[in-house]
Structures are given as structure tokens and as C-alpha cells.
Amino acid sequence: MPNASGPDRIPALDDKRPVLSLLTSHWLGMLGVALVTTAGCSWLFVLPLHMRGRVDNPYIGLLAFIGIPMVFFLGLLLIPVGMYLGKRRIVRGFAVVPNRRAIFQRVALFIGIMTAINLVIGSQLTYRAVEQMDTNQFCGQSCHVMKPEFVSHLTGTHQKVACVDCHITPGASGWFAAKINGAHQLRLVAFNSFPRPLPSGLASNRLAPSAETCEQCHSRERSSGSKLRVITGFKDDQANTRIDTVLMMQVGGGKAAGIHSAHMGAGVEIRYAATDSTRQTIPWVEYHDAAKGQTRSYVTADAKPDAIGSLPHYTMQCADCHNRPTHTFDLPDKAVDKAMATGDIAASLPFAHKTGVAVLKASYTSDEEAAQKIPAAFEAFYREKYPEVAAKQADDIRRSGAALLAAWQRNVFPEFRVTWGTYPNNLGHSDSPGCFRCHDESHNTVAADGGAKKAISQDCGLCHETLAVEETKPAILKSLGLLPAK
Ligand code: HEC
Ligand code: HEC
Ligand code: HEC
Ligand code: HEC
Ligand code: HEC
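In this text the structure is predicted, and so the values were computed from the model without any measurement. (Residues numbered from 1 in each chain as written. Chains lettered and ligands numbered in written order. Predicted model: local features only at pLDDT ≥ 70, side-chain atom pairs only at ≥ 80, totals over all residues. Heavy atoms only, no water.)

## Here's the deal with the side chain of Q393
Next up, step 1: For Q393, the location among the structural elements is in the loop between α17 (387-392) and α18 (394-411).
Next up, step 2: Side-chain polar atoms of Q393 contact the side chain of S348, separated by 3.0 Å.
Next up, step 3: Discounting chain neighbours no more than four positions away, the residues touching Q393 are S348 and L349. (Helix = DSSP H or I, 4+ residues; strand = E, 2+ residues; numbered from the N terminus. Polar contact = N/O pair within 3.5 Å; in protein donor to acceptor, adjacent residues only side chain to side chain. Contact = heavy atoms within 4.5 Å.)

This is the structure:
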């Protein structure tokens, strides 16, 4: 039995407990056994919590479904390594054991049973881990660097659409690419070297193609016809006079003429080249209509034909116009307009719009500073300029100050260097170039296309019938019965 130390005095195997001594023949193997059992037990403990829906906390989820499986598989890996490193002892041990065959059988049986059990536990763990990685919490909260995107996703049309439905190409290869990409991001986060702000999806070229995401839910063949769009704003005057812009958007689609058919209709393909990663400057556009057999190229006057070839080229897709279908950020003016339109900021407070915008535009270096100063600055304005209002409408002022802060918190994230206007919205042309990146009357057909020079049009009636622009009580809203009672 075990004797003293020394190169030739490696302890022999205990032939009464061969399996145990086999597994404990090296400390790495023992560590492996310890890790596997610990992880297995922790998981059995956490699973019921999960089934009862108690792991809403993303960090518990992370631990249960990413941390524990990692420990589990590390342990599983260490066992054979330990056995390999403890080989000498094992070999020696077998030499002195009388019935080697019996031991081999018992060891084989033990390993077989353990493997079967571990496989069951392991596959469950993996499955859960994968499932966990696809939740919105994992994407948006565990990885807190995506806070701006997570917060913006909480409101708006797609709040119930999972991050992965827009970001990951369905199927094994898309899933795999996403996990590789995720591992890369995890490294950046671990070393705190992720870019601030995060590059936009289009800029990093990491956005899954719209055909695989948006078009899984929205058919490009569907016609949306014309859509009425009412944009409510407020003036900077004392009364915060309400003004409305009313547009009839010519969306079209399918067989109906309009915006969708012009770029995404059957047989239509538009390609473009951009000089910057966010695709805001587009010197070259090519329109191809397979049905009509037409191809036209448009270039800007200052475009350098030689350089265009070396620029990245893209095929137009849904996300080129709808780049912010969920992570919609506003400029201060729009943010205040929206909060006043819903009544969250009281339009009855004198100069509420003007004051609100000014307070939002000031610079705050942290969430804490904003939380302290935004409501305070708004209240201070009324205390100093309108003490009577401050006394009579104290509740309105407090409520409006809170709404103002909420608007700031949805749009500005100093920690990640995301501020007003960091992420341009391409669907429009008022806050950023958007449609006018191409529709600017200075993208002209090239001579080779024959015929007279033609530009990509900026005709105001092309995309929307402009029924009213920032009018007070526009007649059209009156006719439609859409004016508020007061
Ligand atoms: C309805 C589709 C959709 C959903 C759902 C969605 N995203 Fe996005 N996301 C996009 C698009 C489109 C872009 C590209 C924006 C651009 O390039 O201008 C984007 C960009 C991003 C970016 C890059 C930074 C940026 O703002 O451009 C991050 C990070 C991101 N999304 C995270 C998330 C997270 C986290 C969730 C879930 C909480 C989520 N997304 C849900 C469509 C979606
Ligand atoms: C999982 C399904 C799903 C995916 C993926 C999806 N959407 Fe949607 N989308 C919806 C639903 C549901 C609505 C709401 C329809 C409604 O309420 O009228 C919607 C609404 C919209 C609207 C109208 C929104 C509004 O505010 O008026 C637009 C535009 C839109 N989606 C664009 C996109 C784009 C672009 C993508 C890809 C980046 C995308 N969607 C991905 C399901 C999806
Ligand atoms: C050339 C730019 C452009 C492209 C490309 C584009 N859209 Fe749109 N889409 C618009 C505009 C503009 C509107 C109207 C927005 C408004 O109501 O103000 C719109 C409206 C919509 C709506 C709301 C219509 C409704 O019936 O409620 C959906 C959904 C939508 N688009 C989905 C898509 C999908 C999916 C794709 C890709 C197949 C796509 N769009 C491609 C510009 C575009
Ligand atoms: C990448 C460049 C590009 C962008 C960005 C772009 N368009 Fe276009 N658009 C084109 C081209 C090219 C044509 C087709 C011109 C032709 O017929 O040769 C076109 C045609 C159209 C037409 C049909 C014009 C007609 O004569 O029938 C409409 C409507 C339109 N676009 C609306 C929009 C709207 C709305 C947006 C923004 C949401 C937008 N476009 C953004 C390139 C662009
Ligand atoms: C290439 C298409 C296109 C052309 C051309 C175009 N618009 Fe627009 N316009 C849009 C889109 C898209 C929106 C955004 C609608 C939305 O917010 O959903 C918009 C929004 C607007 C708005 C509302 C802005 C806001 O948010 O308050 C006004 C005002 C407007 N356009 C005026 C004009 C005028 C004036 C012209 C002529 C110079 C013009 N548009 C030409 C596509 C176009």
C-alpha cells in the first residue's frame, strides 16, 4: 500500500477502490470531478428556479446558463487530462493488481454510466445556455454596453420582437456567425475596450440582411397604399401653440406604385456606393429594372469616377430606409414634441416647449447629474419667472420635469458617448439627410445611359402629398375630424 515518496515510489492503485483511485490519480482529475459534480448540483438547484420563472434577473440567468455550463464542461475536460497525467501511477497500479480484467470492466462501466449521465446533464445545460443567449435580457442587459439599444427597444412597435429576430440570420450558419461575433464582443467588453458609441449596425456591416429578418415577418409584395401621417409639434411661444404637419405617404408596394415599389418592387434592384461607414454620403447609385430591362447609373458632380470602384457597394434593402425601426432616437425638439403630444409634459405651462428643449440641450456628464439637474432646472424656471404658476401648477411642473428627464434617459447615454443625433434616422429628411442622400437633384444619370440628363428627383409630391406643414389647426385635420376638441 502507499509508501514513502521518491521517483520509484509512486503510490500504487488501491485495488479495492480502483475507480476512485483512477479518477484521483492526479490532482487535475480530482479537480475535474469536483467541478462536474458542483456544476451538476448547482444546475439541478437553479433549474427549478428557472422553471418557476424566477430568473428574470439577467445576471442569475448568465450564471445559471452560461457560467455553470462552462464550469461543467471544464470539469469534464479535466478528468481525462488528469487520468492522462496520472498515467504512470495507474499503469504501475495495474501491474500489482491481481485481477486486471475485472478492474477494466468496472472502470469501463463506471466511465460509461458517468458519461451517459453527464451527456444528459450536459446537453440540457447547453440547450439552456443557447436559449438564454437568445433572450432580450442577455442581449440587452447582461451585456450592458447595448443599453441604448435595449432602452429604445422597450418602447415602440417592435418591443415584442426579440433582438435575435432582427439581428441573426435564421439557420445554423447565421447562429454560428452570431455566436462567434458575440464571443468577440464579449472579449471587448471583458477588456473594456468596446467602441463608444457602438458603431451602428449598418456601419459595422454586421446587420443580418433584411431579407432574412424583416422580410420573414413583412412581405415586400404587400401593398400598403397611401398612409396618413400626422406629426404634431409645438411652438416656442408662451402658449406652446400646437402645430401639425400632415403628409399622405405614398408607400405603395407590390403592384401599386410608390416608395416601396420604386426601390423594392419585383425585378427592381438599386445598388449604391458610400464614402463613409454610416452610408450618409452616397456618390454613386445604380437603378436596375429587370422587367423593363433598364439600367441607369447616377453620380454626383463631385464624385471621382476612379475612386467609386474602390468604395464599398451595397444593394438597397429595408434597413437602408428603416434603419431605426426599433432603436429610434429623437432630437431634443422632437422628444419634447412627443412628450407634449401625449400630455406627459403639460402644454398649459407657459414656455414649456422652449424651456424643455433648452433644458434637454444642456450638457450633463452622467445619469446622476441629469437626474438631479433636469427636473430641478425646469422647476427653477417657473419658480423664478412664474412664481404664481409655480405655486398653482406645482404638480404639473413636477410631472413635466420627470417626463423631460425620461426623454433624456431614452436618448442620451454619456457612459457610452451616445448623445442627441449620434444615430441618424434615414426614414425622412428633416433631422438627417435620409432620402435626400440620393434624392437631392444632384445625382445625375451618366452619359452612357443615353437620353437627356436626369436626376434622382426631390419633387415634394414624389413621396408624400404635403397636406399641411406646421399649421395651427390645419383644415385637413378639421375635415378628417382629427383636431382635438380644445
Ligand atoms: C425590428 C428589428 C430590430 C430589433 C427587434 C432589434 N434591433 Fe437592434 N438594430 C436593428 C437595425 C435595423 C439596426 C441598424 C441601425 C443602423 O445601422 O442605423 C440595429 C442596430 C443595433 C445595434 C448597433 C448600434 C446601433 O444603434 O445601430 C445594437 C447594439 C443593437 N441593434 C442591439 C439590439 C438589442 C440588444 C436588441 C434587443 C433588445 C435589438 N437590437 C433589437 C433592428 C432591430
Ligand atoms: C418577428 C416579426 C417582425 C420582424 C422580424 C420585423 N417586424 Fe416590423 N413589425 C412587426 C409587427 C408585428 C409590426 C406591427 C404591426 C402593427 O401593429 O401594425 C411591425 C411593424 C413595422 C413597421 C410599422 C411601424 C410603425 O411604427 O408604424 C415598420 C416600418 C416595420 N415593422 C419595419 C421592420 C423592419 C425594417 C424590420 C427589419 C429590420 C422589421 N420590421 C422586422 C413584426 C416584425
Ligand atoms: C426607399 C425607402 C424604403 C425602403 C427601401 C423600404 N421602405 Fe418601408 N416605408 C418607407 C416609408 C417612407 C414608409 C412610410 C413611413 C411613414 O408612414 O411615415 C414606409 C412604411 C413601411 C411600413 C408601414 C406601412 C404600413 O402599412 O403600416 C412597413 C411595415 C414597411 N415600410 C416595411 C418595409 C419593409 C419590410 C421593407 C423591405 C422589404 C421596406 N419597408 C423597404 C420607406 C422604405
Ligand atoms: C440609395 C439611394 C436612394 C435613397 C437613399 C432613396 N432613394 Fe428613392 N430612388 C432611388 C432611385 C435610384 C430611384 C429610381 C430612379 C429611376 O427611376 O431611375 C428612386 C425612386 C424613388 C421613387 C419613385 C420616383 C418615381 O419617379 O416614380 C420614390 C417615390 C422614392 N424613390 C422615394 C424615396 C424615399 C421616401 C426615400 C427615403 C425614405 C428614398 N427614396 C431614398 C434612390 C434612392
Ligand atoms: C424622396 C422622398 C421625399 C421627397 C422628395 C420629399 N420628402 Fe418630405 N418626407 C419624406 C419622408 C420619408 C418623410 C418622413 C415621414 C415620417 O416621419 O415618417 C418626410 C417628412 C417631411 C416633413 C415632416 C418633417 C417632420 O418630421 O416634421 C415635411 C415638412 C416634409 N417632408 C416636406 C417636404 C418638402 C417641402 C419636400 C420638397 C422639397 C419634400 N418633403 C420632399 C420623403 C420625401
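## Things to note about the coordination of the iron atom of ligand 2
Next up, step 1: Around the iron atom of ligand 2, the protein supplies H158 (NE2) and H218 (NE2) as donor atoms, at distances of 2.0 Å.
Next up, step 2: With 6 donor atoms in place around the iron atom of ligand 2 and angles of 87 to 180° between them, the coordination shape is octahedral. On the criterion of sequence distance, the pair formed by H158 in the loop between α7 (147-153) and α8 (163-167) and H218 in the loop between α10 (214-217) and β1 (226-234) is long-range, its members being 60 residues apart.
Next up, step 3: We classify H218 as partly exposed; its relative accessible area is 48%. (Donors = N, O, S within 2.8 Å, 3.2 Å for Na, K, Ca; no water. Tetrahedral: all angles 85-135°; square planar, octahedral: opposite > 155°, others 65-115°. Buried < 20%, exposed > 50% of the residue type's maximum accessible area, 1.4 Å probe, protein only.)

## Let's talk about the nonpolar core
Next up, step 1: Counting residues in each nonpolar core, the largest one holds 28 residues, and the members touching the most others are I345, L349, L360, I374, Y382, L404 and W408.
Next up, step 2: Sorting the residues of this core by element identifies α14 (332-341), α15 (352-361), α16 (367-385), α17 and α18 as the ones contributing at least two each.
Next up, step 3: With near-sequence residues (within four places) excluded, L360 lies in contact with P332, A335, V336, I374, L404, A407, W408 and W420.
Next up, step 4: With 12 residues, the next largest nonpolar core counts I270, V285, Y298 and Y314 among its residues. (Core = buried A, V, L, I, M, F, W, Y, C linked by side-chain atoms within 4.5 Å.)

## Points about the environment of M248
Next up, step 1: When you line up the elements, M248 lands in strand β2 (residues 242-250).
Next up, step 2: In this structure the C-alpha to C-alpha distance between M248 and G461, which are 213 residues apart in sequence, comes to 9.5 Å.
Next up, step 3: Among residues more than four places away in sequence, those in contact with M248 are S226, K227, L228, C463, H464, E465 and L467.

## Observations concerning the sheet that holds strand β8 (residues 464-471)
Next up, step 1: In space, the 3 strands of this open sheet follow the order β1-β2-β8, with antiparallel pairing throughout. The open sheet has two edge strands with one neighbour each: β1 and β8. Across the sheet, the mean angle from the axis of one strand to that of its neighbour is 10°, orientation sign disregarded.
Next up, step 2: Pairing of β1 with β2 involves 9 bridges; the strand directions are antiparallel. When the bridges of β2 are listed, V230 appears paired with V246. (Pairing = 2+ DSSP bridges. Axes fitted to C-alpha atoms, helices over the stretch in contact; angles between N-to-C directions.)

## Here's the deal with unusual backbone geometry
Next up, step 1: Here the residue pair R196 and P197 is connected by a cis peptide bond, since its omega of -5° sits within 30 degrees of zero.
Next up, step 2: Mapping P197 onto the fold places it in the loop between α9 (172-190) and α10.
Next up, step 3: One non-glycine residue, R279, lies in positive phi territory at about 60°.
Next up, step 4: One can find R279 in the loop between β3 (268-273) and β4 (284-289).
Next up, step 5: The phi dihedral of E470 is positive, around 45°, even though this residue is not glycine.
Next up, step 6: Mapped onto the elements, E470 comes out in strand β8.
Next up, step 7: E470 gets classed as exposed once you look at its relative accessible area, which sits at 54%.

## A few points about the site of ligand 3
Next up, step 1: Taken together, 19 residues lie around ligand 3, and K227, H260, C318, C321 and H322 are the ones closest in.
Next up, step 2: Note that a nitrogen atom of ligand 3 is positioned 2.7 Å from one of the side-chain N or O atoms of H322.
Next up, step 3: Looking at the shell around ligand 3, the elements that each hand over two or more residues are β1, α11 (259-264) and α13 (318-321).
Next up, step 4: Per-element tally for the shell around ligand 3: the top contributor is α11, with 4 residues.
Next up, step 5: Its residues assigned to classes, the shell around ligand 3 shows 8 nonpolar, 6 polar and 5 charged. (Near = heavy atom within 4 Å. Nonpolar A, V, L, I, M, F, W, Y, C, P; charged D, E, K, R; others polar.)

## Details of the coordination of the iron atom of ligand 1
Next up, step 1: Surrounding the iron atom of ligand 1 are the protein donor atoms H167 (NE2) and H327 (NE2), which sit 2.0 Å from the metal.
Next up, step 2: Taken together, the 6 donor atoms coordinating the iron atom of ligand 1 span angles of 88 to 180° at the metal, a pattern that classifies the geometry as octahedral. Taken as a pair, H167 in helix α8 and H327 in the loop between α13 and α14 lie far apart in primary sequence, 160 residues in all.
Next up, step 3: The exposure class of H167 is partly exposed, given its relative accessible area of 39%.
Next up, step 4: Looking at H327, the relative accessible area reads 14%, which means it is buried.

## Examining the pairing of β3
Next up, step 1: The pairing of β3 with β4 spans 6 bridges and is antiparallel. If you follow E269 over to β4, its bridge partner there is H288.
Next up, step 2: As paired strands, β3 and strand β6 (residues 313-315) are joined by 3 bridges and run antiparallel to one another. If you follow R271 over to β6, its bridge partner there is T315.

## Thoughts on the packing of aromatic side chains
Next up, step 1: In total, this model carries 9 aromatic pairs according to the counting rule given.
Next up, step 2: Pairing F72 with F73 gives two aromatic rings, centres 5.4 Å apart and planes at 90°, and the pair type is edge-to-face.
Next up, step 3: By relative accessible area, F73 is classed as partly exposed at 37%.
Next up, step 4: Where F381 meets Y382, the ring centres are 4.9 Å apart and the plane angle is 90°; that geometry is what we call edge-to-face. As far as the burial class goes, F381 and Y382 line up, both buried.
Next up, step 5: One aromatic cluster is present, built from ring pairs that chain together F378, F381, Y382 and Y386. (Phe/Tyr/Trp six-rings, centres within 6.5 Å; stacked < 30°, edge-to-face > 60°.)

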